[in-house]
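Here's the letter readout for the chains.
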Amino acid sequence: MKLSRKISEALQEAVVRLPSDVLSCIRQGREEEAKNASDVAGKTSLAVFDAILENLKIADKNLLPMCQDTGMFVFFVDLGRSCPLVPSKIEKAINEGALDAVEKAYYRRSVVTDPVFTRKNTQNNLPPIIHWNLVDGEGLTIRVLLKGFGSENCSSVRMLNPTGGPKAVIDAVCDIVRLGGGKPCPPIFLGVGIGGTMERSAYLSKRALLRDARIAHADPSYAKLEEDILAAVQTLRIGGGGFGGRVTALHVAIEEEPTHIAGMPLSVSINCWADRKAEIVWEGEDA
Amino acid sequence: MRKIQLPIAESDLLSLRAFDQVLLSGTIYVGRDQVHSRLFDLLENNQKLPIVLQGQAIYYMGPSPAPEGFPLGACGPTTSARMDPFAPRLLDEGLRVMVGKGPRSEAVISSIIRNRALYLQAFGGCGALYASTVRKVETLAFPELGPEALLLLEVEDFPVVVAIDSNGTSVFSR
């Protein structure tokens, strides 16, 4: 199978069915909400979880996109420095695969050319965003998010004080989530990028959303910070659909990088419960 | 769960309370960002609207394309807050029910109280679920807007939660 076809098939699947890690987070969240659904806020939040699970069943059965906002493609290409496949071919395979999936899986055409003036629809949901990242070796791994914009509009960047420590991080994430409230289709997934520069932290926050939600951060300090952020966010009582339940977020993943002595850039990428993602590993096929 | 027929009867509208879960059946307009901007401009310029708003409901939504055998693709709600600058003007014109997701501005809440209107929240992201409730679709205006065109839907048992009732009581104010 050609690489472009592999990409297309992964994208056709991703728009209809959630990955198993995301699904298990939603099921766990539902159980958590059910335990405490004694008041009307909790009960309504629980109804949101049930609607989500019912929706996923119908999407699966009818091969319909689970959400009409089929998102903007955000690709992350981890390209081996010695990979024999040249970037121009990879780029072509991504564009061809994405275009094919848009047509075959009934993606909504949600991309416009000019952001300010004409806002003319490109009619094919392209161009995708492609982040290129060089890694060691000869391999090639392509990962992709279908990024919905109800949640993207609630994502944010904060330039924190360098001496703020974990408290400043937790407070900033909570503030961003609180401002989003019911808008990003909670329960939500949070990608947190810390360090680098302003734009680099934003990139890291997106990349963090790709991590398997069953796996905690490799560094125990950051793994604990992920847990602490999640616990703090749950106290906001936004809940499913913003109805005030106890389960606002389903998972927090952090990616961090070296930064400057004068700063601690922090970005939060908010994703709705429909945390659609896919991974395509190149196995020597043609582009 | 309580079933409500659209266009909504006055007695139904006034009796619904925040957090009530309801199934809607009947006809509802569909319009989001560009439709709101255009209807607002037409009203500001004293021009005729392509639809009658009095007594009607509008759903903030932009569907994905319909596969063969379906009247419409995935069709869950979009974020209502973006319609806030335009909503009070439409309510003043006689629109009675708005369906979307997420909180509304103070100005919208005041307008809901003033006009005895209703704001319902659909389940965010549940596009396939809502597709299964759509019986008929008609494009009424602005077809050039593609997924943002002004539609008329006929729905059956379309699930929503009352988010702001006609007294202005909101599920979001805590």
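Note that this is a predicted model, so its numbers are computed, not measured.

The next thing to look at is the overall build of chain B. Across its full length, chain B carries 5 helices and 7 strands. In chain B, the order of α-helices and β-strands from amino to carboxyl end is β-α-β-α-β-α-β-α-β-α-β-β. Against the globule reference of 16 Å for 174 residues, chain B gives a C-alpha radius of gyration of 15 Å, in line with a compact fold. Principal-axis analysis of the C-alpha atoms places the extent of chain B at approximately 45 × 45 × 25 Å. Counting across all 174 residues of chain B, residues that qualify as buried make up 60%. Partitioning the contacts of chain B with sequence separation of at least 6, the portion at a separation of at least 24 is 61%. With the model as given, the accessible surface of chain B reaches about 6,500 Å², and the carbon-plus-sulfur share is 50%. Of the charged side chains in chain B, 16 are positive and 18 negative, and the gap between their average positions amounts to 3 Å.

Here we come to the interface of chain B and chain A. In this assembly, 37 residues from chain B lie in contact with 35 residues from chain A. Overall, the association of chain B and chain A removes approximately 2,700 Å² of surface from exposure, summing both partners, and the carbon and sulfur fraction of that is 67%. Counting the contacts that link chain B with chain A gives 0 salt bridges. Linking chain B with chain A are 12 residue pairs in polar contact (both at pLDDT 80 or more). For the side of chain B that touches chain A, the element with the highest residue contribution is helix α5 (residues 127-131) of chain B, accounting for 4 residues. When its residues are assigned to classes, the side of chain B that touches chain A shows 20 nonpolar, 12 polar and 5 charged.

The subject of this paragraph is the packing of helix α2 (residues 20-35) of chain A against helix α3 (residues 40-62) of chain A. Residues and elements named next belong to chain A. Contact geometry of α2 with α3 gives a least axis separation of 9 Å together with a crossing angle of 150°. Put simply, α2 runs roughly antiparallel to α3. Handedness of the α2/α3 crossing: left-handed. Residue-level contacts link Leu23, Ile26, Arg27, Gly29, Arg30, Glu33 and Ala34 of α2 to Gly42, Ser45, Leu46, Phe49, Asp50, Ile52, Leu53 and Leu56 of α3.

Let us look at the domain arrangement of chain A. All names here are of chain A. With domains assigned, chain A is organised as domain 1 (3-14 + 65-147 + 276-281) and domain 2 (150-271). The C-alpha-based centres of domain 1 and domain 2 are spaced at 24 Å. If you look at the interface, domain 1 gives 10 residues, while domain 2 gives 13 residues. Buried surface at the junction of domain 1 and domain 2, summed over both partners, amounts to about 1,000 Å²; 56% is from carbon and sulfur atoms. Counting the surface domain 1 buries against domain 2, the share from its top three residues, Phe76, Lys147 and Lys277, is 52%.

Quick notes on the rules
Residues numbered from 1 in each chain as written. Chains lettered and ligands numbered in written order. Predicted model: local features only at pLDDT ≥ 70, side-chain atom pairs only at ≥ 80, totals over all residues. Heavy atoms only, no water. Helix = DSSP H or I, 4+ residues; strand = E, 2+ residues; numbered from the N terminus. Rg over C-alpha atoms; globule rule 2.2 N^0.38 Å. Buried < 20%, exposed > 50% of the residue type's maximum accessible area, 1.4 Å probe, protein only. Contact = heavy atoms within 4.5 Å. Areas by Shrake-Rupley, 256 points an atom, 1.4 Å probe, with all protein chains shown as cover. Lys, Arg positive; Asp, Glu negative; His and termini not counted. Charge placed at Lys NZ, Arg CZ, Asp CG, Glu CD. Buried area = accessible area lost by both parts, 1.4 Å probe. Salt bridge = Lys/Arg side-chain N within 4 Å of Asp/Glu carboxyl O. Polar contact = N/O pair within 3.5 Å; in protein donor to acceptor, adjacent residues only side chain to side chain. Nonpolar A, V, L, I, M, F, W, Y, C, P; charged D, E, K, R; others polar. Axes fitted to C-alpha atoms, helices over the stretch in contact; angles between N-to-C directions. Parallel < 35°, antiparallel > 145°, perpendicular 65-115°, else oblique. Left-handed = near helix turned anticlockwise from the far one by under 90°. Domains from an automatic or database assignment.

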